[in-house]
Every structure is written in C-alpha cells, then in structure tokens.
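Each chain is listed here by its residues.
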Amino acid sequence: QFPGGGRAPKGSGDKEEEDEDIVKVGRFEVNLDRLLGSGGFAQVFRAVDRTTSPPLYVAAKRGGAEELRKEEQALKLVAGHPAVIGLHGFVEGPDPGEAFLFLEMCSGGELFERVSDGGQLSERAARPIAKGIAEALRHCLS
C-alpha cells in the first residue's frame, strides 16, 4: 500500500511481482497473490494501472458481478468527498457472473479492528474519526 493516493514511490521496482500470479483485467494488472482482505461476497487484491504515470496502485475487489455493479452505482452517487473511497473502474470478469471493482487504495486498516483490538478510543482519538464520518454522511445525504 502506498500513502498519498496509491501512487508508486519513485524507484519502486516490480521485480517482486515477476514470480507472482498477475491477471490482466481491463487496464489493470491484478496480483492474485497479494490478498488484502476478504468478506462475505468478495476478495480484495492489490492491482496496478500502468497506463498512468507514475503507475497507480489500487484495490481490486473480485466478486459477483451483480453485487459489485450495485456497489459501483452507489459509489458513483456519493463520489466527490475525501472520506468516500474513490472508484477507478468496473470490469466484468473472465468467468461468467464475476466482476472486478477497482477502488482507491486505503491505508490504516479498518476502524472496527482498531476499536476491537484496542478496547476503546480516547475522546481525542475518536473526535476526528466521528467528524469525518459525520461529514461523509452529510455529503452522501445531500
């Protein structure tokens, strides 16, 4: 994961990816050996768009086409806020009923895991998180 919008740092070599399982999906190269997470209906892998300069690293969510199409439509409706994940593309997968949703690469982990691992957040730590959630909700509902 690369901070600052998922751009690769200068000089980041791709030699580590030479022996890995890379699949071309649209303009993206999905690294199926770099699982970032999984959930009830999808898996998330590291991917790169090499048509940009520098290359843009993104999260590639692989799952059912119908579910991911709905997620794509919802993200398009709420786009334009810094607290809403950026959408980079949707591509029907090579297998019937499969698709990939390409999203902004996020760092920092999940809030749920942070709270459950640490017990509770101090008011000082919770304030910017709550403010960001409130601003994102205001944007989504406007």
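1. Considering the sheet that holds strand E1 (residues 22-25)
- What the six strands build is an open sheet, ordered E1-E2-E3-E4-E6-E5; its pairing is antiparallel. Looking along the sheet, the strands with just one partner apiece sit at the ends: E1 and strand E5 (87-92). Taking each pair of neighbouring strands and ignoring which way they run, the sheet shows an average axis angle of 35 degrees.
- Both E5 and strand E6 (residues 98-104) contribute to a ladder of five bridges, which runs antiparallel.

2. As for the nonpolar core
- Counting ten residues, the largest nonpolar core is built from Val25, Phe28, Val30, Phe45, Ala47, Leu56, Val58, Ala60, Phe100 and Phe102.
- Those elements that provide at least two residues to this core are strand E2 (28-38), strand E3 (42-49), strand E4 (56-64) and E6.
- Element by element, the count of residues in this core is highest for E4, at three residues.
- The contacts of Ala60, once residues within four sequence positions are left out, are Val30, Gln43, Val44, Phe45, Ala47, Phe100, Leu101 and Phe102.
- With nine residues, the next largest nonpolar core counts Ala65, Leu68, Val78 and Val84 among its residues.

3. A closer look at the layout of surface pockets
- The calculated volume of the second largest pocket comes to roughly 270 Å³.
- In this structure, the second largest pocket is lined by Pro82, Ala83, Val84, Ile85, Glu104, Met105, Cys106, Ser107, Pro128, Gly132 and Ile133.
- A total of three residues in the lining of the second largest pocket trace back to one element, the largest contributor, which is helix H3 (residues 123-141).
- The residue makeup of the lining of the second largest pocket, split by class, is eight nonpolar, two polar and one charged.

About the cut-offs
- Residues numbered from 1 in each chain as written.
- Predicted model: local features only at pLDDT ≥ 70, side-chain atom pairs only at ≥ 80, totals over all residues.
- Heavy atoms only, no water.
- Pairing = 2+ DSSP bridges.
- Helix = DSSP H or I, 4+ residues; strand = E, 2+ residues; numbered from the N terminus.
- Axes fitted to C-alpha atoms, helices over the stretch in contact; angles between N-to-C directions.
- Core = buried A, V, L, I, M, F, W, Y, C linked by side-chain atoms within 4.5 Å.
- Buried < 20%, exposed > 50% of the residue type's maximum accessible area, 1.4 Å probe, protein only.
- Contact = heavy atoms within 4.5 Å.
- 1 Å grid on protein atoms, 1.4 Å probe; cavity = no way out; pocket = protein on both sides within 12 Å on 5 of 7 lines; lining within 4 Å.
- Points joined across faces, edges and corners; volume = space filled by probe spheres on them.
- Nonpolar A, V, L, I, M, F, W, Y, C, P; charged D, E, K, R; others polar.

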